[in-house]
Each structure stands twice: as structure tokens, then as C-alpha cells.
Amino acid sequence: MYLSKLLLRDFGKFHNKEISLKSGLNVICGDRDAGKTTIRDFITGMFFGIHRRDGFGAGLSEYDRRKPENRSNYSGSIYLRDEDKTYLVDRSFLSGAKKTSLMEVKSGREVRLANPETLTGTVLTTDRNTYRDTQCISGEKTQSAKELARELSNLYQTGSPNLDIERAISYLEAEKKKHVPKPMVRRLESIDRRLEEFESVDADLEKLEQERRQLSEDFIIEAEKRKRVARRMVENEDGTVSYEKDEELDKKIDRITRQDTSYGAMEEDEEDDCPKLTDRLGVIIAAGILVIAAIAVIVYLLPFDSAIRHLFIIFTALFVVLTIVDGLRIKGYFDSDDGDDTPSEEEFKKVLKELETEKEKEEELEFDMTFAKEFQEKKAALAERENQLLEKRNERERLKAEFNSVFKKKSELEDELTAIGLAASRLRAASEKIQKETAEGLFPNISEFLPILTANAWNGLVFDETGSLLVTGKEGTKLLSDLDDAQVAKVTLAVRLAVAKYFARNEAVPLVLDDAASCTNAEDYVALARALMKLRREQIILLTSDRMMRDCLMAAGMELNYAEI
């Protein structure tokens, strides 16, 4: 896989900048700040997209660093050759209008991306971080021996130069300590002990309700008892007053009721000045005679015998007379004035006064209510107990809710502890597997490149018991930190080329070196050429400000494609 053309339409300082590339070695030369690193970021951006933010404390993000100034466009294209297919990748990086298209040039058909942000999963298997960490070698920052040892240790244990398994496991262990649920266990035990104090609350409330009902029943019974005693006391001390059935008093009440009815009838008579015809005796008799005459006429018209007619008329007349007499009796025509027991107004007022007096005596002497105070005090005590029990029940419900909440949190912490333990266990297992793979693949690669770049001065790297990096060679074993900067830079480049070769074993993506090689003499250029040829990569893009690099590499037997920016 290699890139055949870069078109930086609007990217960083470039506008419509086209760079043609070929398979094999490509040397792109430019002065300091000419945009070599921008080209490296453009390649990775076209493959994997550009992140809007790099994280807290990262400073200006790559998106902001490469966004063109004073232009509304932010885009580019590349031609990618993979085996016998050529693809055109076109991207717009502008936030809010991001777009990525992948088209197969020969057929002109657009290929659907597995992920709209990256080519990984469609034409690449390498992810962004792996590519940036292993296939983009930069010399922007000179590494110390300690930094190189840490990166190589991370690669050995995790397969990534930026992932420190010891720090990761230490972090997990610290988190595990933070998530220990012992305080919650103690709190649950405390709540459980307090809940035991409230176990009988419901039973106590039910018992109290029974006591209240019993108290009410006792009160009613006691009241009835005392009422009967009070009545007997009145009869013994004063025989003139009795609360038993009093016939005389009943008669007085009946007379008052009738008088009230009579007064009502009188008021109706006063309102009606003209009496009804049916209340007049003459009208009643005339109506009776008329009925008898009508019946006689009907009987004589019908073909009855004479005797039957006479009997019929006689019985009809008798029935009418009895009806009239009964009606007169009902209306009181036969009542005697002497027998009228309707009381006069004075007698009516007297009876009312007697009833009122009797009522007052009954209220005063009905029964002794002194015992009610005792019942009231008992009732108040029950109410106070009930309030206390209700408060206990509310406290119990609050404790139950807190218990459930703490138990849920404890369960979550236990789940997190399990997950943390599982994560640490899997990290260790994965690290053991990676260590075996890197020991078999990575370190032999280092031993290939190290003698070439150091002129056979050193041929291997090992770690001591403290984790420091040692170099081994003709001069014996020596701490990497004891070498001079030039030697450390060569060892660093050898490690990085070995890492690039190791991680490209599954997919040969373009390798980018950004001012990563510092050559001071012809031997250095020859050593670099030999190291690059040993990579056996389909495409290497060497970005350099060393204008002698092209001629020296070509003199060392390297075929290359050259471009200037």
C-alpha cells in the first residue's frame, strides 16, 4: 500500500499544494518551518481524520493547528494504491461540515466506509494511535535515555509506547481501595440494629387501636350505668320527678301537637275567606239526593221487576246516607264542645314551660359525668402513644429507604470492585502474552538495526533489575544514559525502525520519517540507507531539511523519488 499523490487544497499553510509520490523511498525536502510536519499530519488526517480536541492540558489541538487562516475551506485529497486498486480519498475537515468519501478510481464507484471518521475497517486495519505511535517517526523532540527506556518498556509489556501497565494497575489498585464497601457494610449493620428496635411498631399500633376501641366501649357502658344510677337516685330522693315512661307528660305532648295542628288549620281558614262547597251540609245532602235520584231513574229505565227496583233504590239510599253520616263524623259535626281537649293559649304556654323545666332537670340530673375526665385522660394518653408509635414507624420507613439506598450503593461498589479486579487480571494476562510476542519479534529487530546505525558499536538492548536500559556490544554492557547524545539518538532511531517493522508485519502502511535521521558524515548516510533498505517497506516518506540527503542516499545505492516544498 502506498500513496501516489497528495493534494493539500486548504490545509495548514498550504493551498492547492500537490505532491506526487511513488512506491519505495520518497524524499521531501524543505527548509525549517516549510511545512514538513504539516504534511505528516495531513497524511494521518486523511487516513484517520483529525480530532477536534486532544484532551485537557494538550494545548492547541491538531485541528486548530492545521486549520487554514483566513479561509473558509479545510480539506484535501489523496490517491491511495492498494495492490491492483487505486482509491481517491476526499475529506472536508471543517467542524460541522465534516465529510469523507472513498472512491475506486477505475470503476468510479464510491465505497461505503465502515466508519465515517476513518479508513480503518475499509481499506486499513491499522488504527490511528498505532499508526501515529509506530509508523510516524519524528525527530522534533530529542528523547532522553530514561524516556526511551520507559517507551520501550511500555512496548514490551503492552504493545503501546504510551500505555504503562504498571501505572494502569497501580491506578486500578488505588481505585479498588477507594471502592472498598466496608464503611457501607458498617452502616448497613448499624441500620439493621436500629430497625430491630422498630419491629413491634405495627403490632403496637394494632394493639393501641384495640385499646382505643375498648376504651370507647367502656365509656359507653359506664355512661349507661351511671345514667341508670342517676335515674334511681332521682326517684329515691325526689319522687315527683321520674325519667321512666310518664303517661301524663305524653298526653301533654300530644295536646301540644294537636294544638299546633289546629293552629295551622285556623291559619289556613283565615287565609281562605270562602269555605269550600264540600264543607257545607246542604250541598252534601243535595248531592246525596241527586245520586239517589240518578240511580232510581236508571233502575226504572232498565227491565227489572218492581220488587227488585224498590230494593235497589232502598239500598242505594241507605248507602248514601251512611256515607254522608260518616263524612260528617270525620269532619267533627257530631263532636261536643264540652269534650274538646284542645288547650287554650295560656295552657299551651304553661305546658311548654313545664317541658322546658323538665328538660333542664334532666340535663342537670341525667347522670354524673365526673368519670368522663378519666376517660378523656386515657384517650389523650393513647393519642400521645400513637404519635410516638407513628414517629417510630416513620423513622423505620426512613431507615428502610436508607438501608435500600446504601445496599444498592454497596452492590454497585462490589460490582465495580469485581470489574476492577477483572480488568487488572486481564491486563496482566494480556501483558504476559504481549511480552512473549515482543520478546520473540521486537527485540530481534532491534538487534538488526542497532549494529547498522551504531557502526557495530552496540548490538543489543536489555533491561536491568531497576528497569534501566542497557546497551550491549563489543565494549561490554553500558547504561544507555551514559552514552553521548549522538549515540543515544542513533539507538533511538534503531529502536523506532525496529518498532515500525514489527508493527507493520500485518499491514505494510506508508512509513513517515519527519527529520528523524541526523547524519553528520558519509558513514551516517550509508548506515541510514542500509537501515531503510532492511525495512523492505512498500513506501517510505522521508521528510527532511537536510538538502544533502537526496544525493547521499542516491550515492549509497538508494532509488528514490524527490520533491521540494
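The structure under discussion appears in the preceding block.
Reference entry: report on the structure contained in this document. From a predicted model like this one, the values you see are computed outputs, not experimental measurements.

What to know about the overall build of the protein chain
So, step 1. For the protein chain, the count of helices and strands is 15 helices and 14 strands.
So, step 2. The proportion of buried residues among the 565 residues of the protein chain is 35%.
So, step 3. Surface accessibility of the protein chain: about 35000 Å² in total, with carbon and sulfur atoms responsible for 51%.

Some words on the pairing of strand β11 (residues 476-479)
So, step 1. Here strand β10 (residues 469-473) runs beside β11; their pairing, made up of 4 bridges, is antiparallel. Looking across to β11, one finds that leucine 470 is bridged to leucine 479.
So, step 2. Turn length for the β10-β11 hairpin, with the two strands adjacent in sequence and antiparallel, is 2 residues.

Some details on the sheet that holds β10
So, step 1. Strand order across the open sheet formed by 3 strands is β9-β10-β11, with antiparallel pairing between neighbours. The open sheet terminates on both sides in strands that have one partner only, identified here as β9 (458-463) and β11. Put simply, the sheet's adjacent strands are angled 30° from each other on average, direction ignored.
So, step 2. Here β9 pairs with β10 via 5 bridges, running antiparallel. The residue bridging leucine 461 from the neighbouring strand is valine 471, located in β10.
So, step 3. Together, β9 and β10 form the strand contacts of helix α4 (residues 145-158), whose direction differs from that of β9 by roughly 75°.

Here's the deal with the pairing of strand β1 (residues 2-11)
So, step 1. Of all 10 residues that make up β1, 7 are buried, and the element is covered over most of its length.
So, step 2. Where β1 and strand β4 (residues 75-82) come together, 6 bridges link them in antiparallel fashion. Each residue of the ladder has a partner; that of lysine 5, found in β4, is tyrosine 79.
So, step 3. With 6 bridges connecting them, β1 and strand β2 (residues 14-20) associate as antiparallel partners.

Thoughts on helix α3 (residues 128-135)
So, step 1. What α3 keeps buried is the set Arg128, Tyr131, Thr134 and Gln135. Burial along α3 is one-sided: seen end-on, the buried residues are contained in an arc of 165°.
So, step 2. In the core, the buried residues of α3 are packed alongside α1 (36-48), α2 (62-66), β8 (136-138), α13 (485-503) and β12 (511-514).
So, step 3. Capping the start of α3 is the job of one residue whose side-chain oxygen sits 3.2 Å from the backbone nitrogen of asparagine 129: aspartate 127.

What about empty space enclosed by the protein?
So, step 1. Using the criterion set out here, one finds 1 cavity of 30 Å³ or more in the structure.
So, step 2. One number sums up the size of the largest cavity: a volume of about 100 Å³.
So, step 3. Taken together, Asp133, Thr134, Ile137, Gln143, Leu148, Glu151, Leu152, Leu155, Pro161, Val495, Arg496 and Val499 make up the full set of residues lining the largest cavity.
So, step 4. For the lining of the largest cavity, the secondary structure elements donating two or more residues are α3, α4 and α13.
So, step 5. For the lining of the largest cavity, the element with the highest residue contribution is α4, accounting for 4 residues.
So, step 6. When the residues that make up the lining of the largest cavity are grouped by side-chain class, the tally is 7 nonpolar, 2 polar and 3 charged.

Description of the packing of aromatic side chains
So, step 1. Summed over all chains, the structure comprises 12 aromatic pairs.
So, step 2. Both rings, one in phenylalanine 47 and one in tyrosine 131, keep their centres 5.7 Å apart while their planes meet at 85°; by these two values the pair is edge-to-face. Of this pair, phenylalanine 47 sits in helix α1 while tyrosine 131 sits in helix α3, and the two are 84 residues apart along the sequence.
So, step 3. Relative accessible area serves as the criterion here: at 1%, phenylalanine 47 is assigned to the buried category.
So, step 4. Here the aromatic rings of phenylalanine 403 and phenylalanine 407 are separated by 6.3 Å at their centres, their planes lie at 10°, and the arrangement is stacked. Of this pair, phenylalanine 403 and phenylalanine 407 are both found in helix α12 (residues 371-453), 4 residues apart, which corresponds to roughly one turn of the helix.
So, step 5. A connected cluster of aromatic rings, assembled from ring pairs, spans Phe11, Phe42, Tyr63, Tyr74 and Phe93.
So, step 6. Over the aromatic face of tyrosine 562 sits the side chain of arginine 550, whose NZ or CZ is 4.2 Å from the ring centroid.

Scoring rules and cut-offs
- Residues numbered from 1 in each chain as written.
- Predicted model: local features only at pLDDT ≥ 70, side-chain atom pairs only at ≥ 80, totals over all residues.
- Heavy atoms only, no water.
- Helix = DSSP H or I, 4+ residues; strand = E, 2+ residues; numbered from the N terminus.
- Buried < 20%, exposed > 50% of the residue type's maximum accessible area, 1.4 Å probe, protein only.
- Areas by Shrake-Rupley, 256 points an atom, 1.4 Å probe, with all protein chains shown as cover.
- Pairing = 2+ DSSP bridges.
- Axes fitted to C-alpha atoms, helices over the stretch in contact; angles between N-to-C directions.
- Contact = heavy atoms within 4.5 Å.
- Arc of directions from axis to C-beta.
- Polar contact = N/O pair within 3.5 Å; in protein donor to acceptor, adjacent residues only side chain to side chain.
- 1 Å grid on protein atoms, 1.4 Å probe; cavity = no way out; pocket = protein on both sides within 12 Å on 5 of 7 lines; lining within 4 Å.
- Points joined across faces, edges and corners; volume = space filled by probe spheres on them.
- Nonpolar A, V, L, I, M, F, W, Y, C, P; charged D, E, K, R; others polar.
- Phe/Tyr/Trp six-rings, centres within 6.5 Å; stacked < 30°, edge-to-face > 60°.
- Lys NZ or Arg CZ within 6 Å of the ring centre and 35° of its normal.

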